[in-house]
Every structure is written in structure tokens, then in C-alpha cells.
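# Residue-level structure breakdown
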Amino acid sequence: MIKNLNFLKIGLLSFGFMFLYFPIFTLVFYSFNDSERVMVWTSFSFRWYSELFHNEQILEAFYTSLKVAFLSASFATLIGVMVGYSLARIKYIPFRIFFIFIGTSPLVMPEIILGLSFLLFFITTNNLIGFPSSKGFLTVLISHITFSIAFVGVIIQARLSSFDKNIEEAAQDLGAMPNKVFWKITAPVILPSIVSGWLLSFTLSLDDLVVASFTNGPGANTLPIVVFSKVRLGLSPEVNALSAIVLLVVMSAALIFYFANKKSNIQK
Amino acid sequence: MSSNEDFLIIDNISKRFDDVVALDKVSVKIKRSELFSLLGSSGCGKSTLLRIIAGFEKPDEGRIILDGQDITDLPPYLRPLNIMFQNYALFPHLNVYKNIEFGLKEEKLEKNLIEERINEALTLLELSALQKRKINEISGGQQQRVALARCLVKKPKLLLLDEPLAALDKKLRIQTQFELVNLQFKLGITFIIVTHDQEEAMSLSDRMAVMQQGNILQIGTPVEVYETPGNEYIANFIGTANIFEVNKNQDSKLYSSTLNAFINSAKAIPTNKFLLRPEKIEISKFKEGEEKTQTNKCIGTVKEIAYLGSYTKYLIKTDKATFYVFQQNKFFTENLNIKWDDKVICSWNENSIFPIND
Amino acid sequence: MTKSFAPGMKIQSFPLMISEKLKSYKFWFVFTPYFWLVLFFFIPLALIFKISISIAEWGMPPYKDLFEFTENGFQINATLNNYIFVFSDFYYFKSYLNSLSLAFTSTLICLVIGFPIAFYVAKSSERVRNIMLIFLIIPFWTSFLLRVYAWKVLLQGNGLINSLLIKFGIIDNPLPLLHNHYAVILGVVYTYLPFMILPLYGYLVKFDLNLIDAAYDLGAKPIKAFFKVILPLSLPGIVAGSMLVFIPVVGEFVIPEMLGGSDRLYFGKMIWEEFFQNRDWPIASALAMSGILFLVVPILIFQKQYEKYNLK
């Protein structure tokens, strides 16, 4: 009976992982197809990779996405850490329930509602004070920062909740002022979570389609918007190539992360 | 409290984890209604053996036979035994009553019978007032009794207890010790206790097994293990041990150079090593005129004194040896006779010497 | 729980030296998020509400100002007509039901697939666990748009699956795998599975495995142990994962757009159409607002469980 359970376990896990990876690998496979018609295999080539690198539209969108993602992640992490820390450690927050609401509900709010709200907001502020004069980079950036904050906040709060408060209290008992306690004791411990939060925000921003569609403007096309327009109606070989590259980057990053973690664990 | 029947037979059990040998051909025979302890420091394999008996690990080799039935291949829910976990493992989402009821529901007994058994256990363990409470609302000692009740209602043939006294404070520990022994006596259930605390093992057990690195070093009653330990490790592990070496001098008399004393022993000392327990050494102030080298007597200086109320621990130093002496404080004296740096005479009886193996 | 006053912690009582307060990091940690989130999250939401009670009009913005000074004096152009329209027209309601049913179904499937995976990963040894987590996270970091697109490649009339089936002679004509309701469910489950597994895993990994052993020891067979011990105690994790899938899926737009057919209209698409095609902002806002309204209960459940989840 226990043996059967083992088979079930392995079977289920394999099924799960296969399910997750099979579609992506399919894309990689077809990215090497020379033919313009994706599904008709002619020959193996890197044609679409070179086309990809010469596609102005995609490249520009990529740089834009990269810039937005980087800035968005950085600011969102900054504010997100504050949210997470406040919820986990600060006893008195005025209107605490409201704080929790605005701090965590972006996590679960449907993107379409978020996007709509941002758009309406920017149009209204434009009417009222003439800023921002046109939608574009800045508006996308602000909207991305806003919904990413909640994700970072959740991660930081979770980490701090499981972190023994006694250590911080011990530091205070030994004479360290609260500011010092934070910088010297708490911050180093939550550093891995801060990094995770940054990475998560980065990915969310890079990957966002719906909110960006509402808040972008001419000249500020993000990569997902360009990709979406290409695949909305059909298949696109450049996108296949793009997918393969994305997968490669993510896998490499994951491996680096894994070995870096291993190393630091061994050092401990 | 024991009959001659072998109730639980652990036969040549071996278990490896990767390349670590947790148990190496371990064999023990435990009698019906016995209170048996597995004693050893961490990593000795006692917990692994317990988990194998309970059914949570499969042995690589060997069989477990309980009351004539080979249970080695049975899953834990089919074994007629129960285990009380070190951290109690009470179900946090159920109250006291429902925790105790859990195991009985699986047995498909009549409702009245279930209620009867639970009430029996509640009364026996003085938990009746707490039945409706949630697990996190009761104290550690009470939690332990719930864990016990949960097992006992199933009327198991064998009860396994994993470090039952470890989490309790000293006073509670002593009280629980007595309660456990009484309970076991009353119910007649065979108990196997796993512990690293030798005092616990000695005070509770009918017999015990001393384990080290996956092997059983010695099985015996507490008296046997204490007075006649199988080797130096066991002697040191149980209680405090003074181990000395002897050699034969020119006249074929046994002589200890570290104590500067002749040794006259009732038993032969084949390994030239012997054990002398601290409580078996008499200590008194040195009087001028005592000879330097005597038989079963030596001269030393008091280096440390620990007064423990009913007895006093002395650490005595000779030129080349250090050893302990425990003396009962039979008489109340305002100023304790022996003080630091006093010169003393230590003496012992020839029967108190026990030859020790490596 | 006893309150502890650590030295240096300031009890919030006025008056306090303002300069001292400004130096305290605690002040900035609360103020900054408040400032940003109220400005860029709460006010926009409030705006949706405002516009949802506005009267539609030509021009930009396509609605009447809420407060207007006319010849007749101060006037408030608020109306509940938008809501009445939204709630009375079955068309809108149907789209909301479609999205709800999509959310329910996919959450359930994600749970059924995700729970065992999360459980076994949580139970594995640390080394194995880390490897499995990396493999779980890689799809998560990969663009969701690309992953949904991948299903298009697979499910199309001339997609991989059909091509293989025809090649092996199993079918003669391609199956209409794409552009239907089932493809959407598949796409949603595929995309949101990590959102179910990761929070579940995070909760299960703290699970006291002794409890399962105790259940076995007391005679419960594995299935019984699962329903009586594991499931009840995993509930906060299950709710957290479910909410993280259910709530966003209700408003999901991209996946139905890419994989769905024209037979079914989903709530997200509805809002999009009203806004961009019909240019009826008040209706779009009313729709969005009613969506939020119906989601308030799940969101509150989520936040309650979130507190519970973190307390462990």
C-alpha cells in the first residue's frame, strides 16, 4: 500500500511538471523552424532569432520594458519594505485596517479594474492640474510601482512574522536605539526577502499587459503590448524565438540563484 | 511485574540512512507487562528503533514480532500498539475530548462503548474537567496526559513513549515519573520508553538497554547496568564513574600508581582496569601517622565540594589521579567536617571493586 | 499576550516633538506607503466610483462633471442609472456569471492539482525541495503572455496536438481545441497554478508531520488521515492560494481574448469593450465598481486568512 502511494506521488509530480513545461518547450522547438508558417516545419535555422534582433519595434519595446521594470521594482521594493515592516512590527498604525486594505488588496484586485482606475486617475489629474500632460513612460511606471508594492509587502511581512522578535528586543536591551536595531539587525535578515521582492516586482512589471495597455501612450510601448498585438490573431515566429530566449534567461537566473544559495548555505 | 514470556521480539534490526548506519543488527527481547527503556545519547539509534517498532520506518533487515505476530510489514494504522510523541502531536483543530476520541472512531465500536472508554481514560488521568477545552488552552503537563489518554483508550498491547519527561520541569518530572510507573503497574501494558536521561531510565525501568551508535551495549536491570556495567562507556554514561588502572608489582600484588595504593579486589581484574563508584568510597580527615601506601586506601586532597543537601560530592586529587567521592550527610553538623584543600583518607571495600572492559 | 514596551519605542501620544518624530523611521515607514497608496491606488478607485454615478455625455471626458455651476446654481449630476442599467441587463449579468464560473472551475482544478504537488514538495527533504521549487518557479518567472501563447500553438487547428493526432492517424480532421470555453479554463489553470502552489507550499512547509504519524498510529488509514487531519489544518493555506487564483481570474481579460471564442463574453472583456469601444466610461465604471462590490467578500476572506496565515 505504501508502495502504491509512492507511485502515485511520483506520477502526480511528473504530471505536474510535464504539464508546466511542455507548452514552453514546444515554443522553443518551433522557434528553430525556418518556415514563416510556424506549424509547417521546413528546416532548422536561427533565422527568427536574427529577425528578432533586427526588429526595431520589438527592440524598442524591450528597452522600454526593461527601464520601466527596473525603476518600478526599485521603488516598489522601497515602499513595499515599509509596508511589510509596518504590518509586522509597528504596533500602532492609524486606521490600521485601511492600511492593510490599501497595502494588500492590489495583490488580488483584477488587473482590468486596476488599469481602468489608473487611466481615469491620470486623465482626471491632467484635467485638473495639467499633469501628466500625456500618457507614457511615467504613467506606466507609476501604475506598475503601485500594484507591485503589495507583493513586496506580503513577502517582507511573511519573513518578519517568522523572525524571532526576541533578537530585536535583545538588541534594544543591549542599548541599541530602534533606528539602529532596524539597520543593523533587522535589515540584514530580511535582505533575501528584499531581493526576492525586487525580482518579483521586476517580473510583474516586465510581464504586465493589461495595466500597461490602459496607461501607456505613444512611444511608450512595452514588450507585452507589442507581443500581444502580434499574437492576438495568429502565431508569430519572432515571438517563438523571443520565448526561447526568455526561457533561457530565466533558467540561467534560476540556476545562478540556486548555486548562490547553496554556496551561502555551505558557508553558514 | 514480569512474566517469563517474550512479548516483543526485536530480531536483528538494521537500518541505514544513505551511508549512515542508524541501527546495526539490533536484537532485544522484551517481556510482557515490562517497563523497558532504550537509553542512549542522541544519534545512538533509539529514536529510529522506536519509529521502526511503531511502523513509520521500514527496517532494511530484521523482524519485529509482537505477541507472536510478525508486524514488520504492517503499516502503522494496523499495528496493535500506540506511540506518545515527544511533542505530543495533539490535533490543534480538535478539543481534548475529540482528540481522545480520534483513535476510537477508526475502530468502529458501539457508541456507548466509545463513550465509556473515553470517560474511563478521562477519570484515570484526571482530565474530566478539561474535556471541552482546546489544546492550546491547557498546560504542557495536561497536554501530555491527553496524549497518553488518546493512546490508552485504544487498549494497545504495547505503548511507546518518546522522551516522555524531557519537556517537563523538575518537580513535574518527578511527579510524572511516579504516575507513569503506577499507571503501567495498574494497567499491565508493556511500556517502551526512549530517553537520553539516565536518571529517568533508571527510576522508571524494570529493565533497560544502553545504546550507542546503532548498537545495544548492554541489557539489564538498572542495578545490573549501574553496578556491573558492560564497558567503560556504559560506566561513564550511567552515573559517575571512577576508573583506575592497575599493574602487578614485583610481589604480584595489584598496585595502582595513580592512587598510590595497593588494590585488594574480591574479583579478578583481567583487563587491569576497574570501576569504583563514588558512593562506595569512605572519606575522612587525614590524621598524622597514616602510612603513605596502603591497601584499599589512599591519600588525597579535596579540590571541590558540592553540597547537595542529602549528600555531598567531593572531587579528590592525588598526585596523578582525580576522582569523585559521594558521601551521605548522615549527621547534621554545623560546620562540615571536610573543607577545601583538606588532606583526606579515602577507603573502600574489596567487594566494591568492579573489573571493567574497554 | 502581554504587551511589552521596549525601550525607545514611542507610545503614540501627542504632543511629540515634531523633529523627533520626523527622525523616527517608523513615522516614514507608515507615512510613505500611506501617501503613495492613497494617492495612486485609493483615489483612482474612488474615481471609478465617482464616474460610475456620473451621467454619460459626448466629448472628453465622456461624462458630465459631478459638480457643476450652471445658470441655475450648483448642481450635482449624479445618477444611479448606470447601476440600474448594469444590473437589469441580462447581458452584463451573464458575462459576470461566465467569469465567476470560470474562476470557480479553475480554482477548483488548481486546488486539486496543486495541493498534492505543494504537499509532496513540502514533505520532501530540503535538498530535493529546493530543486523542485526552482523548477516550479521557472514557469512563474516566464512571461505569462508567452505561456498562454504557447497553448495557442498547441491547440490550434493546425497546432501541434492536432498535427500529431492526424499524423498518427487517430483523427482525420482537426479537433476544434481552441477558441472555446475549455481552452480558456486550460489556459487559466496553466497560468495560475503557481499562484496556488506557492502560498500553499509556504503554509504546508510549517506543518507538523508528527500529526500525520499520530493519525496513522491511532488507526486512521491514509485517506481518513487526509480528510480528518491534513485538510482541516491546511485550510488557511488553501484559502490563501484559492483567493490568489479566484479573485484575479474573475477579471481576467487576456486569456479569454487569446484562447476563448466569441460564444462567451467574460466580465473583463465587457469592461474593456464598454470603455474602449463604446466609450461609455460611466457604464464601464459601474461595471468595474459592481465587480469590486462582489469581490469585497472574497477579498475580506483573503485578508482575514492572511492574518491567520502569518500568525503561524
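Residues numbered from 1 in each chain as written. Chains lettered and ligands numbered in written order. Predicted model: local features only at pLDDT ≥ 70, side-chain atom pairs only at ≥ 80, totals over all residues.

### Re the overall build of chain C
As a reminder of what qualifies: Only DSSP runs of H or I with at least four residues qualify as helices, and only runs of E with at least two residues qualify as strands; both kinds are numbered from the N terminus onward. Working definition of burial: number of other C-beta atoms within 10 Å of the residue's own, with buried at 20 or more, exposed at 12 or fewer, and partly exposed in between, all C-beta atoms being placed from the backbone. Two residues qualify as being in contact provided that their C-beta atoms, derived from the backbone, are within 7 Å of each other.
Scanning chain C from N- to C-terminus turns up 13 helices and 2 strands. For chain C, the residues scored as buried account for 45% of the 312 residues in total. Restricting to contacts in chain C with at least 6 residues of sequence separation, those with at least 24 account for 70%.

### Some points on the overall build of chain B
When its secondary structure is counted, chain B shows 8 helices and 21 strands. Counting only C-alpha atoms, chain B reaches 85 × 50 × 40 Å along its principal axes. Per-residue burial for chain B yields a buried fraction of 36% across its 358 residues. Pairs at least 24 residues apart make up 67% of the contacts formed inside chain B by residues separated by at least 6 positions.

### Some words on the interface of chain A and chain C
When the parts of a complex come together, some accessible area is lost, and that lost area is often taken as the interface size. Operational definition: Throughout, the ten residues Ala, Val, Leu, Ile, Met, Phe, Trp, Tyr, Cys and Pro are labelled nonpolar, Asp, Glu, Lys and Arg are labelled charged, and all others, Gly among them, are labelled polar.
Each side of the interface is counted separately: chain A has 72 residues, and chain C has 76 residues. For the side of chain A that touches chain C, the element with the most residues is helix H1 (residues 2–31) of chain A, which contributes 13 residues. Looking at the side of chain A that touches chain C, its residues break down into 52 nonpolar, 15 polar and 5 charged.

### Thoughts on the domain arrangement of chain C
Residues and elements named next belong to chain C. Where we set the bar: Here the bounds of each domain stem from an automatic or database domain assignment.
With domains assigned, chain C is organised as domain 1 (18–76) and domain 2 (82–311). The partner domain 2 presents 9 residues to the 11 residues of domain 1 that form the contact. Classifying every residue of the side of domain 1 that touches domain 2 by side-chain character gives 9 nonpolar, 2 polar and no charged.

### As for the sheet that holds strand E21 (residues 354–355) of chain B
Residues and elements named next belong to chain B. For clarity, the cut-off: Following DSSP output, two strands are said to pair if at least two bridges run between them.
Read across the sheet, 3 strands follow the order E11-E15-E21 without closing on themselves; strand pairing throughout is antiparallel. Looking at strand neighbours, the two that pair on one side only are strand E11 (243–245) and E21, the edges of this open sheet. In this structure, E11 lies alongside strand E15 (residues 273–275), joined through 3 bridges in antiparallel fashion. Among the inter-strand pairings, Ile 243 is bridged to a residue of E15, identified as Leu 275.

### Examining the sheet that holds strand E10 (residues 215–220) of chain B
All names here are of chain B. Quick reminder of the rule: Axis lines are fitted through C-alpha atoms, for helices just across the contact stretch, and the angle between N-to-C directions can take any value from 0 to 180 degrees.
Overall, mixed pairing links the 6 strands, which are arranged E6-E7-E8-E3-E9-E10 in an open sheet. Only two strands of the sheet have a single neighbouring strand rather than two, namely strand E6 (81–84) and E10. Averaged over all adjacent pairs, the angle separating strand axes in this sheet is 20 degrees, with direction ignored. With 5 bridges connecting them, strand E9 (residues 207–212) and E10 associate as antiparallel partners. Bridge pairing links Val 210 to Gln 218 in E10.

### So, the nonpolar core
As a rule of thumb, nonpolar side chains are buried together in soluble globular proteins. For clarity, the threshold we go by: For the purposes of this analysis, a nonpolar core is taken to be any set of buried Ala, Val, Leu, Ile, Met, Phe, Trp, Tyr and Cys residues that are connected through C-beta atoms within 7 Å.
By size, the foremost hydrophobic cluster in this structure holds 151 residues, and its most contacted members are Leu 116 of chain A together with Ala 118 and Ile 271 of chain C. Here this core gets 16 residues from one element, more than from any other, and that element is helix H8 (residues 181–204) of chain C. Both of domain 1 (18–76) and domain 2 (82–311) of chain C provide at least three residues apiece to this core. Excluding residues that lie within four positions of it along the chain, Ala 118 of chain C makes contacts with Ile 197, Leu 200, Tyr 201 and Leu 204 of chain C.

### Digging into the domain arrangement of chain B
Assigned domains of chain B: these are domain 1 (6–237) and domain 2 (243–355). Placing the centre of domain 1 of chain B and that of domain 2 of chain B at their C-alpha centroids yields a distance of 40 Å.

### Quick word on the pairing of strand E8 (residues 190–195) of chain B
Residues and elements named next belong to chain B. This is how the line gets drawn: Call a crossover right-handed when, viewed with both strands pointing away from you, the route from the first strand across the helix to the second goes clockwise.
Of all 6 residues that make up E8, 6 are buried, and the element is covered over most of its length. Here strand E3 (residues 35–39) pairs with E8 via 5 bridges, running parallel. By the bridge assignment for E8, Leu 38 is matched with Val 194. After leaving strand E7 (residues 158–162), the chain enters helix H5 (residues 170–187) and then returns to the sheet as E8, a path that is right-handed.

### Focus: the pairing of strand E20 (residues 343–348) of chain B
All names here are of chain B. Relative to E20, strand E16 (residues 281–285) runs antiparallel, the two being bridged by 5 bridges. Considered in E20, the bridge of Ile 283 is made with Cys 346. In this sheet, E20 lies alongside strand E17 (residues 297–307) in antiparallel orientation, the contact comprising 5 bridges. Paired with Cys 298 across the strands is Cys 346, a residue of E20.

### Quick notes on the confidence of the model for chain C
Residue and element names in this part refer to chain C. The condition is simple: For every residue, the predictor assigns a confidence score, pLDDT, that lies between 0 and 100.
Residues of chain C with pLDDT of at least 70 account for 84%, and the chain-wide mean is 81. This stretch, residues 1–5, has a pLDDT under 50; its non-local contacts, to residues over four places away or in other chains, come to 0 contacts. Scoring of the predicted complex yields 0.77 for pTM and 0.83 for ipTM.

### Remarks on the environment of Leu 8 of chain A
All names here are of chain A. Relative to the helices and strands, Leu 8 resides in helix H1. For Leu 8, a count of 12 C-beta atoms within 10 Å gives the class exposed. Each C-alpha atom, one on Leu 8 and one on Arg 37, is 40 Å from the other, the two residues being 29 residues apart in sequence.

### Digging into unusual backbone geometry
Residues and elements named next belong to chain B. Non-glycine residue Asp 18 carries a positive phi angle of around 55 degrees. Inspection of the secondary structure assignment puts Asp 18 in the loop between strand E1 (6–17) and strand E2 (20–31). With phi around 60 degrees, Asn 272 is a residue other than glycine that occupies positive phi space. Residue placement: Asn 272 occurs in the loop between strand E14 (261–263) and E15. Using a count of 14 C-beta atoms within 10 Å as the deciding quantity, one classes Asn 272 as partly exposed.

### Some words on the packing of helix H3 (residues 56–89) of chain A against helix H6 (residues 137–161) of chain A
All names here are of chain A. To keep it simple, the criterion reads: Note that the term roughly parallel is reserved for angles under 35 degrees, roughly antiparallel for angles over 145, roughly perpendicular for angles of 65 to 115, and oblique for everything else. Note on convention: the crossing is left-handed when the near helix lies turned anticlockwise from the far helix by less than a right angle, right-handed when the turn is clockwise.
Orientation of H3 relative to H6, taken along the N-to-C sense of each, is 40 degrees, at an axis distance of 5 Å. It follows that H3 is oblique to H6 by the angle criterion. Here H3 and H6 pass one another in a crossing that is right-handed.

### Side note on helix H12 (residues 267–277) of chain C
Residues and elements named next belong to chain C. Across the 11 residues of H12, 8 count as buried, placing the element largely inside the fold. Within H12, burial applies to Phe 267, Gly 268, Lys 269, Met 270, Ile 271, Trp 272, Glu 274 and Phe 275. Arg 279 sits one or two residues past H12 and shows a positive phi near 50 degrees.

### Concerning the environment of Met 211 of chain B
Residue and element names in this part refer to chain B. Looking at the element boundaries, Met 211 is found in strand E9. Met 211 sits in the buried class, given 26 other C-beta atoms within 10 Å. Separated by 169 residues in sequence, Met 211 and Ser 42 place their C-alpha atoms 9.8 Å apart. Not counting residues within four places of it along the chain, the set of residues in contact with Met 211 comprises Leu 38, Leu 39, Gly 40, Cys 44, Gly 45, Lys 46, Ile 216 and Leu 217.

### What about the packing of H8 of chain C against helix H10 (residues 222–250) of chain C?
Residues and elements named next belong to chain C. For the pair H8 and H10, interaxial distance at closest approach is 8 Å and the crossing angle is 155 degrees. Between H8 and H10, the angle falls in the class roughly antiparallel. Two packed elements cross with a definite hand, and for H8 against H10 that hand is right-handed. Seen from H8, the contacting residues are Val 188, Tyr 192, Phe 195, Met 196, Pro 199, Leu 200, Tyr 203 and Leu 204; seen from H10, they are Ser 234, Pro 236, Gly 237, Ile 238, Ala 240, Gly 241, Leu 244, Val 245 and Val 249. Here the contact of H8 with H10 is built from residues that sort into 14 nonpolar, 3 polar and no charged.

### Focus: the environment of Leu 247 of chain A
Among the secondary structure elements, Leu 247 of chain A is positioned in helix H11 (residues 237–267). C-beta crowding within 10 Å serves as the criterion here: with 23 such atoms nearby, Leu 247 of chain A is assigned to the buried category. Residues contacting Leu 247 of chain A, with those up to four places away along its chain left out, are Ile 24 and Val 28 of chain A together with Thr 142 of chain C.

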